[in-house]
Amino acid sequence: MKKIAPSILSADFSRLGDEIAAVEAAGADWIHIDVMDGHFVPNLTIGPPVVKSLRKVTRLPFDVHLMIDNPDSYLDAFIDAGCDILTVHAEAAVHLHRTISYIRERGVSAGVSVNPATPLSLLEDILPDLDLLLIMTVNPGFGGQQFIPTMLPKIRKAKAMISAVSPRIVIEVDGGINLDNISTVAQAGADVLVAGSAVFASGDYGLTLPAMRALLENSPEPCTFPTA
(Lines give C-alpha, C1' and ligand atoms only; values in the text may rest on other atoms or scores of the structure.)
Protein backbone atom coordinates (compact mmCIF):
# COMPACT_ATOMS: atom_id res chain seq x y z
CA MET A 1 0.00 0.00 0.00
CA LYS A 2 1.20 3.50 -0.81
CA LYS A 3 2.00 5.69 2.16
CA ILE A 4 0.98 9.24 3.03
CA ALA A 5 3.40 11.43 4.99
CA PRO A 6 1.91 14.73 6.16
CA SER A 7 4.56 17.44 6.32
CA ILE A 8 4.43 19.39 9.56
CA LEU A 9 5.98 22.37 7.76
CA SER A 10 2.36 23.39 7.09
CA ALA A 11 1.06 22.55 10.56
CA ASP A 12 0.26 24.97 13.37
CA PHE A 13 3.65 25.33 15.06
CA SER A 14 2.05 26.51 18.30
CA ARG A 15 0.51 23.05 18.75
CA LEU A 16 2.67 20.59 16.83
CA GLY A 17 2.05 17.71 19.21
CA ASP A 18 -1.71 18.02 18.79
CA GLU A 19 -1.33 18.35 15.01
CA ILE A 20 0.70 15.16 14.79
CA ALA A 21 -1.78 13.28 16.98
CA ALA A 22 -4.62 14.51 14.78
CA VAL A 23 -3.11 13.34 11.48
CA GLU A 24 -2.13 10.04 13.06
CA ALA A 25 -5.74 9.53 14.10
CA ALA A 26 -6.85 10.45 10.58
CA GLY A 27 -4.67 7.76 9.01
CA ALA A 28 -1.19 9.18 8.33
CA ASP A 29 1.54 6.60 7.78
CA TRP A 30 4.67 8.69 8.41
CA ILE A 31 5.37 12.16 9.78
CA HIS A 32 7.50 14.21 7.39
CA ILE A 33 9.74 16.75 9.12
CA ASP A 34 11.42 19.43 6.99
CA VAL A 35 14.59 20.85 8.50
CA MET A 36 15.77 24.11 6.90
CA ASP A 37 18.80 26.22 7.78
CA GLY A 38 18.32 29.50 5.92
CA HIS A 39 21.41 28.75 3.80
CA PHE A 40 20.71 25.74 1.60
CA VAL A 41 17.12 26.97 1.35
CA PRO A 42 15.74 30.45 2.13
CA ASN A 43 13.84 29.48 5.25
CA LEU A 44 14.38 28.40 8.86
CA THR A 45 12.39 25.68 10.59
CA ILE A 46 13.24 23.33 13.47
CA GLY A 47 16.18 21.51 15.02
CA PRO A 48 16.88 18.30 16.95
CA PRO A 49 15.35 19.44 20.29
CA VAL A 50 11.95 19.89 18.65
CA VAL A 51 12.18 16.50 16.94
CA LYS A 52 13.11 14.91 20.27
CA SER A 53 10.14 16.49 22.02
CA LEU A 54 7.74 15.43 19.25
CA ARG A 55 9.04 11.87 19.38
CA LYS A 56 7.07 11.45 22.63
CA VAL A 57 3.67 12.07 21.03
CA THR A 58 3.56 9.36 18.34
CA ARG A 59 4.93 5.99 17.31
CA LEU A 60 4.66 6.80 13.61
CA PRO A 61 7.97 6.79 11.69
CA PHE A 62 9.70 10.18 11.66
CA ASP A 63 10.81 10.98 8.12
CA VAL A 64 13.37 13.78 8.61
CA HIS A 65 14.37 15.71 5.50
CA LEU A 66 17.55 17.75 5.97
CA MET A 67 17.49 20.75 3.65
CA ILE A 68 20.71 22.09 5.11
CA ASP A 69 24.33 22.75 4.25
CA ASN A 70 26.94 20.48 5.79
CA PRO A 71 24.45 17.80 6.88
CA ASP A 72 27.21 15.56 8.28
CA SER A 73 27.56 17.89 11.25
CA TYR A 74 23.96 17.20 12.31
CA LEU A 75 23.42 13.52 11.55
CA ASP A 76 24.03 12.30 15.10
CA ALA A 77 21.84 14.99 16.62
CA PHE A 78 18.81 14.07 14.51
CA ILE A 79 19.38 10.34 14.85
CA ASP A 80 19.63 10.69 18.62
CA ALA A 81 16.46 12.81 18.58
CA GLY A 82 14.52 9.82 17.26
CA CYS A 83 14.24 9.93 13.47
CA ASP A 84 13.56 6.69 11.61
CA ILE A 85 14.43 7.87 8.11
CA LEU A 86 17.06 10.54 7.54
CA THR A 87 17.36 12.16 4.11
CA VAL A 88 20.12 14.48 2.91
CA HIS A 89 20.33 16.43 -0.32
CA ALA A 90 22.67 15.25 -3.04
CA GLU A 91 23.45 18.91 -3.71
CA ALA A 92 24.54 19.53 -0.10
CA ALA A 93 26.48 16.39 0.87
CA VAL A 94 30.10 16.62 -0.28
CA HIS A 95 30.92 12.94 0.36
CA LEU A 96 27.53 11.39 -0.27
CA HIS A 97 28.54 7.73 -0.01
CA ARG A 98 30.22 8.34 3.34
CA THR A 99 27.16 10.19 4.61
CA ILE A 100 24.72 7.49 3.54
CA SER A 101 26.94 4.75 4.96
CA TYR A 102 27.14 6.50 8.31
CA ILE A 103 23.37 6.97 8.58
CA ARG A 104 22.83 3.28 7.95
CA GLU A 105 25.59 2.31 10.39
CA ARG A 106 23.65 4.21 13.05
CA GLY A 107 20.64 1.97 12.39
CA VAL A 108 18.53 4.54 10.56
CA SER A 109 17.15 4.28 7.02
CA ALA A 110 19.08 6.55 4.65
CA GLY A 111 17.61 8.69 1.91
CA VAL A 112 18.90 11.11 -0.70
CA SER A 113 16.87 13.97 -2.12
CA VAL A 114 17.28 15.75 -5.45
CA ASN A 115 15.98 19.17 -6.41
CA PRO A 116 13.93 19.64 -9.60
CA ALA A 117 16.96 20.74 -11.66
CA THR A 118 19.25 17.95 -10.41
CA PRO A 119 19.55 15.02 -12.84
CA LEU A 120 19.01 11.49 -11.59
CA SER A 121 22.25 10.48 -13.31
CA LEU A 122 24.05 12.07 -10.36
CA LEU A 123 22.84 9.15 -8.23
CA GLU A 124 23.70 6.21 -10.49
CA ASP A 125 26.72 5.15 -8.42
CA ILE A 126 25.05 5.63 -5.04
CA LEU A 127 21.60 4.24 -5.81
CA PRO A 128 22.22 0.64 -4.60
CA ASP A 129 23.19 2.01 -1.17
CA LEU A 130 19.98 3.94 -0.61
CA ASP A 131 16.85 3.01 1.30
CA LEU A 132 14.88 5.95 -0.07
CA LEU A 133 15.01 8.40 -2.97
CA LEU A 134 13.18 11.67 -2.40
CA ILE A 135 12.25 13.58 -5.54
CA MET A 136 11.42 17.23 -4.99
CA THR A 137 8.60 18.40 -7.23
CA VAL A 138 8.89 22.02 -6.12
CA ASN A 139 11.97 24.11 -5.41
CA PRO A 140 12.55 23.50 -1.71
CA GLY A 141 12.23 26.13 0.97
CA PHE A 142 8.55 26.91 1.40
CA GLY A 143 5.28 25.05 1.73
CA GLY A 144 2.21 25.64 -0.39
CA GLN A 145 3.95 25.66 -3.76
CA GLN A 146 2.48 24.22 -6.95
CA PHE A 147 3.60 20.84 -8.28
CA ILE A 148 5.96 21.12 -11.27
CA PRO A 149 4.32 18.92 -13.96
CA THR A 150 7.60 18.21 -15.76
CA MET A 151 8.68 16.19 -12.72
CA LEU A 152 6.33 13.31 -13.64
CA PRO A 153 8.76 11.93 -16.25
CA LYS A 154 11.52 12.20 -13.66
CA ILE A 155 9.52 10.06 -11.24
CA ARG A 156 8.92 7.47 -13.98
CA LYS A 157 12.63 7.46 -14.82
CA ALA A 158 13.52 7.01 -11.16
CA LYS A 159 11.14 4.06 -10.96
CA ALA A 160 12.80 2.43 -13.96
CA MET A 161 16.28 3.01 -12.55
CA ILE A 162 15.34 1.54 -9.20
CA SER A 163 13.57 -1.47 -10.73
CA ALA A 164 16.78 -2.28 -12.61
CA VAL A 165 19.12 -1.84 -9.63
CA SER A 166 17.32 -2.44 -6.33
CA PRO A 167 13.50 -2.66 -6.27
CA ARG A 168 13.47 -2.39 -2.46
CA ILE A 169 14.31 1.34 -2.64
CA VAL A 170 11.35 3.55 -1.78
CA ILE A 171 10.49 6.55 -3.97
CA GLU A 172 9.15 9.49 -2.02
CA VAL A 173 7.74 12.60 -3.71
CA ASP A 174 7.49 15.96 -1.98
CA GLY A 175 6.05 19.21 -3.28
CA GLY A 176 2.59 20.36 -4.29
CA ILE A 177 0.87 17.02 -3.67
CA ASN A 178 -2.90 17.40 -3.31
CA LEU A 179 -6.19 15.63 -4.03
CA ASP A 180 -6.03 16.64 -7.70
CA ASN A 181 -2.67 15.03 -8.47
CA ILE A 182 -1.89 12.44 -5.79
CA SER A 183 -3.19 9.55 -7.88
CA THR A 184 -1.21 10.60 -10.96
CA VAL A 185 1.99 10.97 -8.94
CA ALA A 186 1.49 7.56 -7.35
CA GLN A 187 0.88 5.95 -10.73
CA ALA A 188 4.12 7.50 -12.00
CA GLY A 189 5.98 5.49 -9.36
CA ALA A 190 5.83 7.25 -6.00
CA ASP A 191 5.58 4.96 -2.97
CA VAL A 192 5.35 7.70 -0.35
CA LEU A 193 3.43 10.92 -0.97
CA VAL A 194 4.34 13.94 1.16
CA ALA A 195 1.46 16.38 1.61
CA GLY A 196 1.72 19.58 3.61
CA SER A 197 -0.77 22.36 3.00
CA ALA A 198 -3.16 19.95 1.25
CA VAL A 199 -3.60 18.28 4.63
CA PHE A 200 -3.02 20.94 7.26
CA ALA A 201 -4.88 23.73 5.45
CA SER A 202 -7.81 21.48 4.59
CA GLY A 203 -9.75 22.16 7.77
CA ASP A 204 -10.62 18.51 8.35
CA TYR A 205 -7.83 15.94 8.44
CA GLY A 206 -10.39 13.22 9.09
CA LEU A 207 -11.87 13.85 5.65
CA THR A 208 -8.75 14.78 3.70
CA LEU A 209 -6.47 11.86 4.57
CA PRO A 210 -9.12 9.18 3.89
CA ALA A 211 -9.92 10.94 0.60
CA MET A 212 -6.25 10.75 -0.36
CA ARG A 213 -6.16 7.11 0.68
CA ALA A 214 -9.16 6.34 -1.50
CA LEU A 215 -7.43 7.88 -4.51
CA LEU A 216 -4.41 5.64 -3.92
CA GLU A 217 -6.35 2.40 -3.59
CA ASN A 218 -5.79 1.37 -7.20
CA SER A 219 -2.06 2.11 -7.19
CA PRO A 220 -0.41 -1.22 -8.01
CA GLU A 221 3.03 -0.81 -6.39
CA PRO A 222 3.18 -1.91 -2.74
CA CYS A 223 5.32 -0.05 -0.23
CA THR A 224 6.57 -2.21 2.64
CA PHE A 225 9.20 0.01 4.26
CA PRO A 226 9.25 1.02 7.05
CA THR A 227 6.23 0.24 9.16
CA ALA A 228 5.19 1.82 12.42
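Because the structure is predicted, anything quoted here is derived from the model rather than measured.

**Student:** Give a description of the packing of aromatic side chains that names residues and reports values.
**Tutor:** Aromatic ring pairs are described here by two measures, namely the spacing of the ring centres and the angle between the planes. By the definition in use, this model includes one aromatic pair. Geometrically, the ring pair formed by Phe200 and Tyr205 is edge-to-face, given 5.4 Å between the ring centres and 80 degrees between the ring planes. Neither Phe200 nor Tyr205 differs from the other in exposure class; each is buried. Its end group placed over the ring of Phe62, Arg55 keeps NZ or CZ at 3.8 Å from the ring centre.

**Student:** Explain the pairing of strand β1 (residues 3-6) to me, using residue names and the numbers behind them.
**Tutor:** Burial along β1 is two-sided: the residues Lys3 and Ala5 and Ile4 and Pro6 are all buried. With four bridges connecting them, β1 and strand β8 (residues 192-195) associate as parallel partners. Along β8, the bridge assignment pairs Lys3 with Val192.

**Student:** How would you summarise the nonpolar core if you had to cite specific residues and measurements?
**Tutor:** One finds Ile8 and Leu86 to be the most contacted residues of the largest nonpolar core, which totals 65 residues. Of the residues forming this core, the biggest block, five residues, is contributed by helix α5 (residues 152-165). Setting aside chain neighbours within four positions, we find Ile8 in contact with Phe13, Leu16, Ile20, Ile31, His32, Ile33, Ile46, Leu54 and Phe200. Ala5, Ile85, Leu134 and Val192 belong to the second-largest nonpolar core, a separate cluster that totals 10 residues.

**Student:** Lay out the UniProt feature "binding site: substrate" (unreviewed entry) in the chain with the relevant residues and their values.
**Tutor:** Look at the UniProt record and you will see "binding site: substrate" (unreviewed entry) annotated at Ser7, His65, Gly141, Phe142, Gly143, Gly144, Asp174, Gly175, Gly176, Gly196 and Ser197. One can find Phe142 in the loop between β6 (132-136) and α5. Discounting residues that sit within four places of it in the chain, Phe142 has contacts with Leu9, Met36, Pro42 and Asn43. When residues no more than four places from it in sequence are discounted, the contact partners of Gly176 are Val138, Gln145, Gln146, Phe147 and Asn181.

**Student:** Residue-level account of the pattern of salt bridges, with values.
**Tutor:** The full count for this structure, using the stated rule, is nine salt bridges. Measuring nitrogen to oxygen at the nearest pair gives 3.1 Å for the salt bridge that ties Arg168 to Asp131. Residue Arg168 is found in the loop between α5 and β7 (170-174), and its partner Asp131 is found in the loop between β5 (109-114) and β6; the two are separated by 37 residues along the sequence. Here the salt bridges do not stand alone but share partners, grouping Lys2, Lys159 and Asp191 into one network.

**Student:** Let's hear about the UniProt feature "active site" (unreviewed entry) in the chain: which residues, and what values?
**Tutor:** In the numbering adopted here, UniProt assigns the feature "active site" (unreviewed entry) to Asp34 and Asp174. Spanning 141 residues, the named residues form one tight spatial group whose C-alpha atoms are at most 10.4 Å apart. By the element assignment, Asp34 lies in strand β2 (residues 31-36). Each residue touching Asp34, except ones within four places of it in the same chain, is listed here: Ser7, Leu9, Thr45, Ile46, His65, Met67 and Asp174. There is a polar contact of 2.9 Å between the side chain of Asp34 and the side chain of His32. Mapped onto the secondary structure, Asp174 falls in strand β7. Look at Asp174 and you get buried, because its relative accessible area is 9%. Contacts of Asp174, omitting those with residues within four sequence positions, involve His32, Asp34, His65, Leu134, Ile135, Met136, Thr137, Val138 and Val194. Side chain to side chain, Asp174 and His32 meet in a polar contact 3.3 Å long.

Cut-off values and rules
- Residues numbered from 1 in each chain as written.
- Predicted model: local features only at pLDDT ≥ 70, side-chain atom pairs only at ≥ 80, totals over all residues.
- Heavy atoms only, no water.
- Phe/Tyr/Trp six-rings, centres within 6.5 Å; stacked < 30°, edge-to-face > 60°.
- Buried < 20%, exposed > 50% of the residue type's maximum accessible area, 1.4 Å probe, protein only.
- Lys NZ or Arg CZ within 6 Å of the ring centre and 35° of its normal.
- Helix = DSSP H or I, 4+ residues; strand = E, 2+ residues; numbered from the N terminus.
- Pairing = 2+ DSSP bridges.
- Core = buried A, V, L, I, M, F, W, Y, C linked by side-chain atoms within 4.5 Å.
- Contact = heavy atoms within 4.5 Å.
- UniProt positions renumbered as here; feature names shortened; annotations may be inferred.
- Salt bridge = Lys/Arg side-chain N within 4 Å of Asp/Glu carboxyl O.
- Polar contact = N/O pair within 3.5 Å; in protein donor to acceptor, adjacent residues only side chain to side chain.

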